[in-house]
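Listed here are the chains, written in short residue letters.
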Amino acid sequence: MDYLALASIICAAFAVSFGAIGPALAEGRSVAAAMDAIARQPEAANTISRTLFVGLAMIETTAIYCLVIALLLLFANPLLS
Amino acid sequence: MNSPLETIPLFYIGPVAITQAIVTTWVIMGVLVLAAYGFTRRLGLVPGKRQAAFELLVETLDLQIRETSGADPSRYRSFIGTLFLFILIANWTSLMPGIDPPTAQLETDAALAVVVFASVIWFGIGSDGVGGYLKSFAMPNPVMIPLNMLASVTRVFSMFVRLFGNVMSGVFIVGIVASLAGLIVPIPLMALDLLIGLVQAYIFAVLAMVFITSTVKDGTTSPEEPETTSPPKMKED
């Protein structure tokens, strides 16, 4: 077994697992804050939920970047070809 | 397992490779254009059932555009609405067996992002002129010029990576689960895929609207309308 391939697979798993922690915590915090805001001011629910969706998308991008890095390591690794 | 990063051409027209994503994209575009033509041919003042349903769709789009941009939606309706409907239908084509959604390929998403990038320039120049558009890079002050130029590229890049990552990972996971566990098991994941497809289409359209609006607002010479919001209620609870 080639060590480069082994290292790539392990690093891909690490990239996804650790890359998912931060966005998960951040999305939990933002949803909690939005729930709090909607409970206090239900008439602003439309604006809050739209901003929440956009913000969630921004946060989620970091996790998606990690996923793309993992995919690059697994499927398009320049060192292995 | 096929890599999600590369595409397999179906056939060649001259030197141009035609992939499955291209065929699906053209079918979706054809269906959208034909549907739009067919449904708007006989518009009545008193809407029938079908016309009422489509008016509901258009009014929902208008409402979202107005709430996001605070401007008259008629300028942006065709662009944002088409973007939303195309991405939505493209995401949902994963339900048809044998068809991968074209948005799960890097090329389609990159093309959509390039369209958004060009539309920001188009709408910015269209409403503020070339000078106003260039001035929008110097907002809030000229120190931000390099950062703003960088941001105008990276935000579009992150848009296309986001759409690609979400849609592709959904298709990928359904494929893995179907190959491991069998036919019925991935159905809940496919239901989740439907939701993700809708949310991603919505987010793509809203983000495009937000980028256009911020450029247009920054380019105007005087901020004459400072965000008409309701006065903050000081509630002690």
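That block above? That's the structure.
Cut-offs and rules
- Residues numbered from 1 in each chain as written.
- Chains lettered and ligands numbered in written order.
- Predicted model: local features only at pLDDT ≥ 70, side-chain atom pairs only at ≥ 80, totals over all residues.
- Helix = DSSP H or I, 4+ residues; strand = E, 2+ residues; numbered from the N terminus.
- Rg over C-alpha atoms; globule rule 2.2 N^0.38 Å.
- Buried ≥ 20, exposed ≤ 12 C-beta atoms within 10 Å, placed from the backbone.
- Contact = placed C-beta atoms within 7 Å.
- Core = buried A, V, L, I, M, F, W, Y, C linked by C-beta atoms within 7 Å.
- Pairing = 2+ DSSP bridges.
- Expected span 1.5 Å × (residues − 1).
- Arc of directions from axis to C-beta.
- Bend = angle between axes of the 7 residues up to and from the residue.
- Axes fitted to C-alpha atoms, helices over the stretch in contact; angles between N-to-C directions.
- Parallel < 35°, antiparallel > 145°, perpendicular 65-115°, else oblique.

Undergrad: Pulling in residues and values, what's your account of the overall build of chain A?
TA: Of regular secondary structure, chain A possesses 2 helices and 0 strands. Taking 12 Å as the expected radius of gyration for a compact globule of 81 residues, we find that chain A reaches 18 Å, considerably beyond that expectation. For chain A, with 81 residues in total, the buried portion stands at 14%.

Undergrad: Describe the overall build of chain B, and please don't skip the residues or the numbers.
TA: When helices and strands are counted, chain B shows 6 helices and 2 strands. Shown N-terminal to C-terminal, the secondary structure of chain B runs as helices and strands in the order β-β-α-α-α-α-α-α. In chain B, which comprises 237 residues, the proportion classed as buried is 27%. Across chain B, every contact between residues at least 6 apart in sequence was considered, and the portion connecting residues at least 24 apart equals 65%.

Undergrad: How would you summarise the nonpolar core if you had to cite specific residues and measurements?
TA: The biggest cluster of nonpolar side chains holds 35 residues, and the ones touching the most others in it are Phe-204, Ala-205 and Ala-208 of chain B. Where this core is concerned, the elements lending two or more residues are α3 (77–92), α4 (106–135), α5 (145–181) and α6 (187–219) of chain B. With 11 residues, α6 of chain B is the single largest residue contributor to this core. Ala-205 of chain B has contacts with Ile-80, Leu-83 and Phe-84 of chain B, leaving out every residue within four places of it along the chain. Among the nonpolar cores identified, the runner-up in size contains 9 residues, and Ile-64, Cys-66, Val-68 and Leu-73 of chain A belong to it.

Undergrad: With reference to specific residues and values, describe the pairing of strand β1 (residues 9–13) of chain B.
TA: All names here are of chain B. The element β1 is largely exposed, with a buried count of 0 among its 5 residues. Taken together, the 4 bridges between β1 and strand β2 (residues 16–19) define a ladder with antiparallel strand orientation. Each residue of the ladder has a partner; that of Ile-13, found in β2, is Val-16. Counted between consecutive antiparallel strands, the loop separating β1 from β2 contains 2 residues, among which Gly-14 sits at a positive phi close to 65°.

Undergrad: Account for helix α1 (residues 20–39) of chain B, naming residues and giving values.
TA: Residues and elements named next belong to chain B. If you check α1, its first and last C-alpha atoms are 28 Å apart, about what 20 residues at 1.5 Å a residue would give, namely 28 Å. Of all the positions in α1, only Ala-21, Thr-24, Thr-25 and Ile-28 are classed as buried. The buried residues of α1 occupy an angular sector of 100° when projected down its axis, which confines them to one face. Every exposed residue of α1 that faces more than 90 degrees away from the buried side is listed here: Trp-26, Gly-30, Val-33, Leu-34, Tyr-37 and Gly-38. The inward-facing, buried residues of α1 contact β2, α3 and α4.

Undergrad: So what's going on with the interface of chain B and chain A? Which residues, and what values?
TA: Counting residues at the interface gives 17 residues for chain B, matched by 14 residues for chain A. Where the side of chain B that touches chain A is concerned, the elements lending two or more residues are α2 (49–69), α5 and α6 of chain B.

Undergrad: Tell me about α5 of chain B, residues and numbers included.
TA: Side chains of residues three or four places apart in an α-helix project in the same direction, reflecting 3.6 residues per turn. All names here are of chain B. The first and last C-alpha atoms of α5 sit 53 Å apart over 37 residues, in line with the 54 Å expected at 1.5 Å per residue. Taking the largest bend as the criterion, α5 deviates by roughly 25°, centred on Ala-151. Here α5 has its buried residues at Val-156, Met-159, Phe-160, Arg-162, Leu-163, Phe-164, Gly-165, Asn-166, Val-167, Met-168 and Gly-170. Just past α5, the residue Gly-182 takes up positive phi, approximately 115°.

Undergrad: Quick one: what's the story with the packing of helix α1 (residues 3–40) of chain A against helix α2 (residues 45–75) of chain A, residue by residue and with numbers?
TA: Contact geometry for α1 of chain A and α2 of chain A: axes closest at 8 Å, N-to-C directions at 175°. Judged on the interaxial angle alone, α2 of chain A and α1 of chain A are roughly antiparallel.

Undergrad: Tell me about the environment of Ile-184 of chain B, and please be specific about residues and values.
TA: Relative to the helices and strands, Ile-184 of chain B is located in the loop between α5 and α6. Spatially, the C-alpha atom of Ile-184 of chain B lies 57 Å from that of Asn-141 of chain B, the residues being 43 residues apart in sequence.

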